Amino acid sequence: MSETPLVAIVMGSDSDLPTMQGAIAICEHFGIPHEVAILSAHRTPLAMAEFAQNAHQRGLKVIIAGAGGAAHLPGMIASLTPLPVIGVPVPSRHLHGVDSLYSIVQMPAGIPVATVAIGNAQNAGLLAVQLLASHDPELLEQVIAYRQELAATVTAKNQKLQTLGASAYLQQQ
């Protein structure tokens, strides 16, 4: 991207990219300059440490880190950066992401990681945008408009349900 990235979206493996696409899409929707990288807490610990230690000096404001299984990436990055870190538990084959959720959310006092629902990188992206919007009135207006669009979508669906009834509504889905 041509602008200095404000959000970094990192993951432990390329297999996490489909899950993390939700955060990427939100950054793109709001026009937030971002970068995307694969960093492994276990396979590339030195690269991960260098990234985390230098992130704030490069102009980043928020880091979204997705990881599955042992899911150490968000916590390890949080331990090495002063920036807010949002963890995304990536669904795993055997435990469906519960292991990842527990690993990310159970951080020790002093090293917080904001954690979203299993597989919900879209909410991680939205939380990053809201953090940025807390100091950017124009972006805050975009967040408010986005919320209004969500409400309008739900209202329209309810009106359709009330008009058609449940059976007909389901048949059109």
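Residues numbered from 1 in each chain as written. Predicted model: local features only at pLDDT ≥ 70, side-chain atom pairs only at ≥ 80, totals over all residues. Heavy atoms only, no water.

## Points about the nonpolar core
So, point 1. By size, the foremost hydrophobic cluster in this structure holds 25 residues, and its most contacted members are Val7, Ile9, Phe30, Ile32 and Ile64.
So, point 2. Among the elements of the structure, strand S1 (7-11), helix H1 (17-30), strand S3 (62-67), strand S4 (85-89), helix H5 (121-133) and helix H6 (137-164) are those that each provide at least two residues to this core.
So, point 3. If one sorts the elements of this core by residue count, H5 sits on top with seven residues.
So, point 4. Counting residues in each nonpolar core, the second largest holds 21 residues, with Val10, Leu60, Ala67 and Ile104 among its members. (Core = buried A, V, L, I, M, F, W, Y, C linked by side-chain atoms within 4.5 Å. Buried < 20%, exposed > 50% of the residue type's maximum accessible area, 1.4 Å probe, protein only. Helix = DSSP H or I, 4+ residues; strand = E, 2+ residues; numbered from the N terminus.)

## Regarding a nonpolar patch on the surface
So, point 1. A contiguous nonpolar patch, built from Leu95, Val98, Tyr102, Val105 and Ile118 and spanning about 430 Å² of accessible area, is present on the exposed surface.
So, point 2. The topology assignment puts tyrosine 102 in helix H4 (residues 98-105). (Patch = residues over 30% accessible without salt bridge, like charges linked within 9 Å, V, L, I, M, F, W, Y side chains within 5 Å. Areas by Shrake-Rupley, 256 points an atom, 1.4 Å probe, with all protein chains shown as cover. Salt bridge = Lys/Arg side-chain N within 4 Å of Asp/Glu carboxyl O.)

## A word on the layout of surface pockets
So, point 1. Of the volumes computed, that of the largest pocket is approximately 190 Å³.
So, point 2. Partitioning the lining of the largest pocket into residue classes produces five nonpolar, eight polar and two charged. (1 Å grid on protein atoms, 1.4 Å probe; cavity = no way out; pocket = protein on both sides within 12 Å on 5 of 7 lines; lining within 4 Å. Points joined across faces, edges and corners; volume = space filled by probe spheres on them. Nonpolar A, V, L, I, M, F, W, Y, C, P; charged D, E, K, R; others polar.)

## Overview of the environment of glutamine 53
So, point 1. Of note, glutamine 53 is situated in helix H2 (residues 45-54).
So, point 2. The sequence separation of glutamine 53 and leucine 150 amounts to 97 residues, and the corresponding C-alpha distance is 37 Å.

## What to know about the packing of aromatic side chains
What describes a pair of aromatic rings is the distance from one ring centre to the other and the angle between the planes of the rings.
So, point 1. With the rule as written, the count across this model stands at one aromatic pair.
So, point 2. Ring geometry for phenylalanine 30 and tyrosine 146: centres 5.4 Å apart, planes at 55°, overall tilted. Separated by 116 residues along the polypeptide, phenylalanine 30 in helix H1 and tyrosine 146 in helix H6 bring together distant segments of the chain. Assigned by exposure class, phenylalanine 30 and tyrosine 146 land together as buried.
So, point 3. When the ring centre of tyrosine 169 is taken as reference, the NZ or CZ atom of lysine 160 above it lies at 5.5 Å. (Phe/Tyr/Trp six-rings, centres within 6.5 Å; stacked < 30°, edge-to-face > 60°. Lys NZ or Arg CZ within 6 Å of the ring centre and 35° of its normal.)

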